[in-house]
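What the coordinates show
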Amino acid sequence: MSEVPSHNYPFPSDNFSCGFVAIVGRPNVGKSTLMNHLIGQKISITSKKAQTTRHRVNGIYTDNEAQLIFVDTPGFQTYHRNALNDRLNQNVTEAVAGVDVIVFVVEALRFSDADREVLQQLPQRVPVVLVINKVDKDKAKDQTIMQAFIDEVQQAFTFAKVALVSAKHGLGVAQLIHILKPMLPQGIPLYPEDMVTDKSARFLAMEIVREKLFRYLGEELPYAMNVEVEQFAEEDGLYQIYIAVLVDKDSQKGILIGKGGEKLKKISTEARLDMEKLFETKVFLKVWAKVKSGWADDIRFLRELGM
């Protein structure tokens, strides 16, 4: 999981293609789940709550024909305006600026003003593939209803292709990769064929803890939190990881810890198990709460966190 690409591997073929693919859409349409299935491994956090993705995450898919480098983006946020969300929106704009193809994800049978606003951010010069997710819904299975929905969305933008998927179940993912390959420029792979992300183990550990926070805490608290890795070491096959959860107020710290420390213990245990599965080694994980008032509106501090 090195952050620096290595090029010590044979060139696959004369007709090999390689390029960047941005996955964009409003919050909670399934972008991270889709990317995890595209690369065949969980590297981007998922939750039923909107706005769980805060960082660009590069997921890498490689076969003997092409290498697709997927860029997962935060859902474009039009509500809850603060320095954090302004920075997230800037991340979306930056993510689509230098890619070869854009995958625009919408939820089946739901095309809202928020979806239209995301479309307005997309450059005209880059091919955009419309990906309709959650096609396993009952009404979405009706071909007449689905075609009417596709026609509605296509009136708002000129798409290069249309693909139907169920990211949750991995349906249509192979077909989407087949659609994307011809849109990439020819060139050598940028990453080794067995590499699935350019993110470090340190970053992935942080993301796993954040996912558990979104999954097990209430609707509002995760938006007032972030995590930072204070220590990350590997010794004799054991990862020792210390992660602080940043909250705005002492009262939020109490919610995070839970009665008798049970909530934080559950979050830590499940995060540790996920890390051991991902890193394929034993992990000692220590997670605790730290109060830092106003962090979500502190531009300097957001830069320190890599946002």
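What comes next concerns the included structure. (Residues numbered from 1 in each chain as written. Predicted model: local features only at pLDDT ≥ 70, side-chain atom pairs only at ≥ 80, totals over all residues. Heavy atoms only, no water.)

Some thoughts on the overall build of the protein
Worth spelling out the cut-off: Each helix is a run of DSSP H or I of at least 4 residues and each strand a run of E of at least 2, with the numbering of both proceeding from the N terminus. Residue burial is assigned from relative accessible area. The probe radius is 1.4 Å, only protein chains are included, and a residue is buried under 20% of its type maximum, exposed over 50%, and partly exposed in between.
Regarding its fold elements, the protein presents 9 helices and 9 strands. Within the span of the protein, comprising 307 residues, buried residues form 52% of the whole.

Examining the nonpolar core
Quick reminder of the rule: Put simply, buried Ala, Val, Leu, Ile, Met, Phe, Trp, Tyr and Cys residues joined by side-chain atoms within 4.5 Å make one nonpolar core. Any two residues whose heavy atoms approach within 4.5 Å at even a single point are treated as in contact.
Leu34, Met275 and Phe279 are the most contacted members of the largest nonpolar core, which totals 55 residues. Top contributing element to this core by residue count: helix 6 (residues 201-216), with 8 residues. The residues touching Met275, leaving out its near neighbours within four places in the chain, are Ala205, Ile208, Val209, Ile241, Ile243, Glu280, Val283 and Leu285. Counting 24 residues, the second largest nonpolar core, distinct from the first, contains Ile102, Val128, Ile150 and Val153.

Some points on the packing of helix 1 (residues 31-39) against helix 5 (residues 173-180)
Note the cut-off: Fitted lines through C-alpha atoms give the axes, limited to the stretch in contact for helices. The angle between two N-to-C directions lies from 0 to 180 degrees. Oblique is the label for every angle not falling under 35 degrees (roughly parallel), over 145 degrees (roughly antiparallel), or within 65 to 115 degrees (roughly perpendicular). Side-chain classes are defined by residue name, with Ala, Val, Leu, Ile, Met, Phe, Trp, Tyr, Cys and Pro counting as nonpolar, Asp, Glu, Lys and Arg as charged, and the others, Gly among them, as polar.
Packing of helix 1 against helix 5 leaves a shortest axis separation of 10 Å and a crossing angle of 80°. The pairing of helix 1 with helix 5 is recorded here as roughly perpendicular in orientation. Where helix 1 abuts helix 5, its residues Leu34, His37 and Leu38 lie against Val173, Leu176 and Ile177. Of the residues contributing to the contact of helix 1 with helix 5, the split by class is 5 nonpolar, 1 polar and no charged.

Observations regarding the environment of Val129
Relative to the elements of secondary structure, Val129 occurs in strand 5 (residues 128-133). Sequence separation of Val129 and Lys161 is 32 residues, and the distance between their C-alpha atoms is 4.9 Å. Once residues lying within four places of it in the same chain are set aside, the contact partners of Val129 are Val101, Ile102, Val103, Phe104, Phe159, Lys161, Leu176, Ile179, Leu180 and Met183.

Focus: the pairing of strand 1 (residues 17-24)
Stated precisely, the cut-off is as follows: Two strands are said to pair when DSSP picks up at least two bridges between them.
Most of strand 1 is tucked away: 7 of the 8 residues are buried. Here 7 bridges tie strand 1 to strand 3 (residues 66-72), and the two strands are oriented parallel to one another. Residue Ser17 lies in a different strand from strand 3, and its bridge partner there is Ala66. Relative to strand 4 (residues 101-107), strand 1 runs parallel, the two being bridged by 4 bridges. Bridging from a neighbouring strand, Ala22 pairs with Ile102 of strand 4.

Quick look at the side chain of Ser166
With respect to the secondary-structure elements, Ser166 resides in the loop between strand 6 (161-164) and helix 5. Residue Ser166 is classed as buried on the basis of its relative accessible area of 1%. With residues near it in sequence (within four places) discarded, Ser166 still touches Asn133, Lys134, Val135, Asp136 and Leu171.

Details of the sheet that holds strand 7 (residues 225-235)
In a beta sheet, neighbouring strands pair by backbone hydrogen bonds and run either parallel or antiparallel. Pairing in this open sheet of 3 strands is mixed, and the strands run 7-8-9 from one edge to the other. Either end of the sheet is taken by a strand with one partner, and the two such strands are strand 7 and strand 9 (282-291). With direction set aside, neighbouring strand axes in the sheet form an average angle of 15°. Relative to strand 8 (residues 238-247), strand 7 runs antiparallel, the two being bridged by 10 bridges. Looking at the pairing, Phe232 lines up with Ile241 of strand 8. Strands strand 7, strand 8 and strand 9 of the sheet are contacted by helix 6, whose axis makes an angle of about 135° with strand 7.

Everything listed here is a matter of coordinates, which is why it stays silent on function.
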